[in-house]
Amino acid sequence: MSRSPCPSCGTVRGPVGPCPGCGALPELEIEGTGAAGPGEPVRVTAGGRRRRVAVLVVIAVVAMVGIGLVTGGDGDGPQVAEDEPEPSTPTTGSSVPSTPPGTGDGYEAVEGFEDQVLLQVAPDGTVVQFPLDGETGTQVIRTGDPDDGWTEELPRVLMEDVLISRFAGVSLSDGSVWGSSLGPPHDGLPGPFETWTTTDDTVIMPSGRSFTELDPRGEQIAAWGFPFDGVGGSTVGVAGRRLIHESPHGIYSFDLDSRELTRIGHGRVMAVGSSRLAVETCGRSFDCRVEILAASDGAVMATLPSGLELAGDDSTYAFEPVFSPDGSRLALATRGGLAVFDTATGGGRVVGDVGAVRSAGVARPTRRVGTLTVLWNPDSTHAMAVAHHHLGLVDELGVAAVLTFDRDLTSVHRRDDLRRALDGSAAPRGVRVAHVLGDRRYEPLSR
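Let us look at the structure shown here. (Residues numbered from 1 in each chain as written. Predicted model: local features only at pLDDT ≥ 70, side-chain atom pairs only at ≥ 80, totals over all residues. Heavy atoms only, no water.)

## Notes on the packing of aromatic side chains
Applied cut-off: Only rings of Phe, Tyr and Trp enter the pairing, Trp through its six-membered ring, and a pair is recorded when the two centres are within 6.5 Å. The plane angle decides the type: under 30 degrees is stacked, over 60 is edge-to-face, the rest tilted. By definition, any uninterrupted DSSP run of H or I lasting at least four residues is a helix, any uninterrupted run of E lasting at least two residues is a strand, and each is numbered from the N terminus. Residue exposure (1.4 Å probe, protein chains only): buried if accessible area is under 20% of the type maximum, exposed if over 50%, otherwise partly exposed.
Per the stated rule, a full pass over the model turns up five aromatic pairs. Residues Phe228 and Phe254 carry aromatic rings whose centres are separated by 6.4 Å and whose planes lie at 75 degrees to one another, so their mutual orientation is edge-to-face. Pair noted here: Phe228 is in the loop between β15 (220–225) and β16 (234–239) and Phe254 is in strand β18 (residues 250–255), with a separation of 26 residues, a long-range link. Each member of the pair, Phe228 together with Phe254, is buried. Pairwise contacts between aromatic rings join Phe211, Phe226, Phe228 and Phe254 into one cluster.

## A look at the pattern of salt bridges
Cut-off, in case you're wondering: A side-chain nitrogen of Lys or Arg and a carboxyl oxygen of Asp or Glu constitute a salt bridge if their distance falls within 4 Å.
Applying the stated criterion across every chain yields a total of 15 salt bridges. Residue Asp200 pairs with Arg241 through a salt bridge whose shortest N-O separation is 3.3 Å. Taken together, the residues span a long stretch of sequence, with Asp200 in the loop between β12 (196–197) and β13 (203–207) and Arg241 in the loop between β16 and β17 (242–247) at a distance of 41 residues. The class of Arg241 is buried, set by a relative accessible area of 14%. Arg349 is the partner of Asp342 in a salt bridge, and the nearest nitrogen-oxygen pair spans 3.6 Å. Judged by relative accessible area, which is 44%, Arg349 ranks as partly exposed. One continuous salt-bridge network, built from bridges that share partners, spans Asp200, Glu213, Arg241 and Asp257.

## Points about the sheet that holds β16
Paired through backbone hydrogen bonds, the strands of a sheet run either parallel or antiparallel to each other. Selection rule: Strand pairing is assigned whenever DSSP detects at least two bridges linking the two strands. Here an angle of 0 to 180 degrees is reported between the N-to-C directions of two axes, which are lines fitted to C-alpha atoms, with helices fitted over the stretch in contact.
Sheet architecture is open: four strands sit in the order β16-β17-β18-β19, paired in antiparallel fashion. Whereas interior strands pair on both sides, the edge strands pair on one side only; in this sheet they are β16 and β19 (261–265). For this sheet, the mean inter-axis angle between neighbouring strands, taken without regard to orientation, is 30 degrees. Where β17 lies against β18, six bridges are found, and the strand directions are antiparallel. Each residue of the ladder has a partner; that of Ile244, found in β18, is Ser253.

## Points about the state of the cysteines
The test is simple: When two cysteine sulfur atoms lie within 2.5 Å, the pair is treated as a disulfide.
Evaluation of the coordinates by the stated rule reveals one disulfide. Here Cys282 engages in a disulfide with Cys288; their sulfurs sit 1.9 Å apart. Sign of the S-S torsion, about 110 degrees for the bond between Cys282 and Cys288, identifies this disulfide as right-handed. For Cys282, a relative accessible area of 44% translates into the label partly exposed. With a relative accessible area of 34%, Cys288 lands in the partly exposed category.

## Side note on unusual backbone geometry
Generally, phi is negative for residues other than glycine and the peptide bonds are trans, each holding for most cases. Phi at Arg259 is positive, roughly 60 degrees, even though this residue is not glycine. Even without being glycine, Ser380 reaches a positive phi, approximately 65 degrees. With respect to the helices and strands, Ser380 occurs in the loop between β29 (370–376) and β30 (382–388). On the basis of relative accessible area, Ser380 is assigned to the buried category, the value being 1%.

## Some points on the sheet that holds strand β22 (residues 288–294)
As summarised here, the arrangement of the four strands in space is β20-β21-β22-β23, forming an open sheet in which the pairing is antiparallel. The open sheet has two free edges, formed respectively by β20 (268–272) and β23 (300–303), since each of these has just one partner strand. Each adjacent strand pair in this sheet contributes to an overall mean axis angle of 30 degrees, direction not counted. In this sheet, β23 lies alongside β22 in antiparallel orientation, the contact comprising three bridges. Counted as the bridge partner of Glu291 is Thr303 from β23.

The following block contains the structure:
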């Protein structure tokens with residue numbers, strides 16, 4: 001057993017046990033541990049079980065400090081730098097987009113509608129614009145006026161800066177107002193009032209047994225006598241420049257330019273597009289189908305899948321089917337919710353189901369409590385569904401839901417941020433509002 005001088009007092013001592021001179025403990029050399037490099041000796045004080053525990057505690061503390069230095073944290077675990085937020089995975093369906101600082105009134109840009117403005121119109125004529133780029137705040141561009149003439153019918157279309165309803169037109173550029181009135185060549189009582197738009201940016205309105213064509217500011221351009229004598233039924237819309245009339249004897253198309261009347265089919269007209277119709281026909285055994293007909297000659301362009309279950313009167317929202325501007329898509333309410341169909345020539349397939357749009361927090365009612373509006377962007381690539389409130393079983397429903405989706409339903413987003421903005425606008429709660437798309441921003445009108 002080797003003996004060596006004590007490093008503390010110089011007394012010759014053995015390799016184990018305390019120094020007989022000063023009581024110091026011996027030092028042991030342990031290869032390759034601690035902070036030394038591989039193969040280098042590390043001196044660790046030995047001294048029984050109590051001292052071994054102390055050594056382990058020291059090593060643990062050193063390791064924790066080392067981890068903290070590597071991760072840049074405070075010892076509580078790995079930290080993420082503040083300027084490097086955790087990545088988020090894009091989702092569809094009921095995802096709620098976050099609102100970054102500096103956006104317009106708490107809602108983000110709406111994909112596919114960044115160049116559009118959503119106008120919300122109240123029955124008193126108040127108009128609020130919501131630029132959908134998400135950067136510009138909302139603004140009241142027109143305050144209410146009891147002389148607007150909206151009555152119970154809200155605007156349906158924006159044409160050349162004029163909001164047009166069944167009864168009136170209001171310019172968002174200069175504030176001028178025009179209202180429906182009788183005059184030559186009107187022959188009889190004016191009702192029921194209706195407005196349809198042509199592909200020439202004009203308005204067609206029935207009055208008595210005549211039809212008149214107006215420019216967006218209410219000036220009469222042309223007039224026609226009633227072309228559907230003897231067939232009964234009612235005129236249901238305008239496809240391009242053709243009046244579409246539904247009757248027990250069939251569906252008729254009247255060309256406004258050539259004044260040619262053509263029978264193009266039979267059944268119930270569900271929707272009128274710029275060049276085609278959606279028509280439900282039923283056989284003697286009550287087997288029904290929905291066909292897409294050409295407005296010019298009634299040619300069948302597509303047939304929707306058989307067994308299609310259309311939404312009935314017990315659905316949550318009243319909804320009128322609507323074609324996309326290019327006519328190749330049809331948004332239609334089914335028992336399962338809001339569906340999109342391919343209506344191009346030879347199509348008819350179900351593109352997909354947007355999903356059920358329900359009143360938030362409300363069980364399925366026994367009757368309709370609201371209306372659903374679908375707005376397509378001008379190039380037919382995206383659509384927006386807005387569930388309007390309605391005075392019914394639920395008080396002050398407000399704007400219940402806003403959904404956006406692309407034409408192929410590769411993504412569907414629930415826009416709760418935009419819904420909150422619409423619901424918190426200047427329109428009084430508990431009243432029905434209209435939503436219309438525009439392609440420019442307007443300055444507030446002076447009174």
